[in-house]
Amino acid sequence: MLEASSQPATAGSLLDAGRVFNVCHVGVVLRAVLLVHGALGVGVMFNSQGFFDWLMRSALVGMLALPSVLVWLLLACALRRSLSGLTKPGQWLFAGGLGAFSAGLGWLAAQQIGLLTLVEQPGVASMFAGAALGVILTGWLQIRADSLAPALAAARLAELQSRIRPHFLFNTLNTALSLVRADPRRAEQVLEDLAELFRHALDDVRDSVSLAEEVELAKRYLAIEQIRFGSRLRLSWRLDPASAGARLPPLLLQPLVENAVRHGVEPNIEGGQVHIQSTVRHGMAWLTVSNSVDQETSTPGHGMALHNVRERLVLMHDVAARFDIKRQPHQFRVQLGVPL
């Protein structure tokens, strides 16, 4: 039903990836902090006497700026959906105002703990610097969003082009036809599952879905394949309810289970095992899809589906996402992790 290939992008969204204030990822936070501290370090150079003086001043100014940067990022993250509706001038104005506000809070906090006795930094100057850095940070975020736009467009196009695999459609319809006389109720269930898969493939334009929704869709797909392969397809599910709320790009699990069936069950006369497991560890939801491998009958895939999954996870969760492929003599395993 879904082509286990192509498309290098989407969600966490696909829509959020195209928004300027997409700052809710660890990777973006780290880069933003480095950007601000780098700009401050350059500014301190003009008032330093030697390397060690510059190093000391940079460290002190960084201590003053860090809380302000984090406040700016936190508020931008919380308000990102509202900010995305503003005009470009409105976004720039808000970014500068938020920078001044965050710098003012940081200056007050530094004053309370006595940090300003080490670094003479007037409050008004701090707010002006915060406004300027807020605008610079927004400019960087705009460049970042523009750089992701081609990947976003390519992902959408590839997704539309590759969602329906003709051979899956034909196999499913043939399965339903063979059951119409012998078992009408099962034929009806097959067609209902097929219709639900098509509905999600063609109509679901959400930016992210829960793991529970992805599992439900995968179960419908596997129910159809179970009728086709019968006892040759041996399924095993071990799902942790605590992982159900994890957010994923839509239609991410289905290509993985389809690959498992195509390469682990279909080419083997004796069939094969497909195992799907979810767990929660250290604030991350981990999803594992594994299948048995027959070395004599298996045909290596082109790997585009796995590349697609990896890229979509990175676009959604940035450096917080985890993706691992493990090939063993008699098993192939894909494991991915996303923050809860």
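Refer to the preceding data block for the structure.
Because the structure is a prediction, the values reported are computed rather than measured. Counting of residues starts from 1 at the beginning of each chain's written sequence and follows it residue by residue. Totals for whole chains, interfaces and linings use every residue, but because this is a predicted model, local features are given only for residues with pLDDT of at least 70 and side-chain atom pairs only at 80 or more, for both listing and counting. In computing side-chain values, all of the structure's heavy atoms are included and hydrogens and water are not.

*Asks:* So what about the packing of helix 9 (residues 211-229) against helix 10 (residues 253-264)? Which residues, and what values?
*Replies:* For the pair helix 9 and helix 10, the least separation of the axes is 9 Å and the interaxial angle reads 25°. One finds that helix 9 runs roughly parallel with respect to helix 10. Our pair here, helix 9 against helix 10, has a crossing hand that is right-handed. Note on element contacts: helix 10 touches helix 9 through Leu253, Gln254, Val257, Glu258 and Val261, opposite Glu214, Val215, Ala218, Tyr221, Leu222, Glu225 and Phe229. Within the contact of helix 9 with helix 10, the residues separate by chemical class into 8 nonpolar, 1 polar and 3 charged. Each axis is a line fitted through C-alpha atoms, and for a helix only the stretch in contact is used; angles between axes span 0 to 180 degrees, taken between their N-to-C directions. Helix numbers and strand numbers start at the N terminus; a helix is a DSSP run of H or I with at least 4 residues, a strand a run of E with at least 2. Angles below 35 degrees are treated as roughly parallel, those above 145 as roughly antiparallel, those between 65 and 115 as roughly perpendicular, and all remaining angles as oblique. When the near helix sits turned anticlockwise from the far one by under a right angle, the crossing is termed left-handed; a clockwise turn instead gives a right-handed crossing. In what follows, residue pairs with any heavy atoms lying within 4.5 Å of each other are defined as contacts. Nonpolar residues are Ala, Val, Leu, Ile, Met, Phe, Trp, Tyr, Cys and Pro. Charged residues are Asp, Glu, Lys and Arg, and all others, Gly as well, are polar.

*Asks:* Go over helix 11 (residues 304-317) with me, naming the residues and quoting the values.
*Replies:* Take the number of residues in a helix, subtract one, and multiply by 1.5 Å to get its expected span. Between its first and last C-alpha, helix 11 extends 20 Å over 14 residues, near the 20 Å set by a 1.5 Å rise per residue. The cut-offs for exposure are 20% and 50% of the maximum accessible area for each residue type, with area from a 1.4 Å probe on protein chains only; residues under the lower value are buried, those over the upper are exposed, and the others partly exposed. Within helix 11, burial applies to Ala305, Leu306, Asn308, Val309, Arg312, Leu313, Leu315, Met316 and His317.

*Asks:* Got a sec to walk through the pairing of strand 5 (residues 284-292)? Specific residues and values, please.
*Replies:* Of all 9 residues that make up strand 5, 8 are buried, and the element is covered over most of its length. Strand direction decides the pairing type here: strand 4 (residues 272-281) and strand 5, joined by 8 bridges, are antiparallel. Across the sheet, Thr279 pairs through a bridge with Trp286, a residue of strand 5. Pairing between two strands is assigned when DSSP locates at least 2 bridges connecting them. Remark: 2 residues form the turn of the hairpin made by strand 4 and strand 5, two consecutive strands paired antiparallel; His282 in that turn has positive phi of roughly 55°. Sheet topology note: the strand 5/strand 7 (residues 331-339) ladder contains 9 bridges and is antiparallel. By the bridge assignment, Trp286 is partnered in strand 7 with Gly337.

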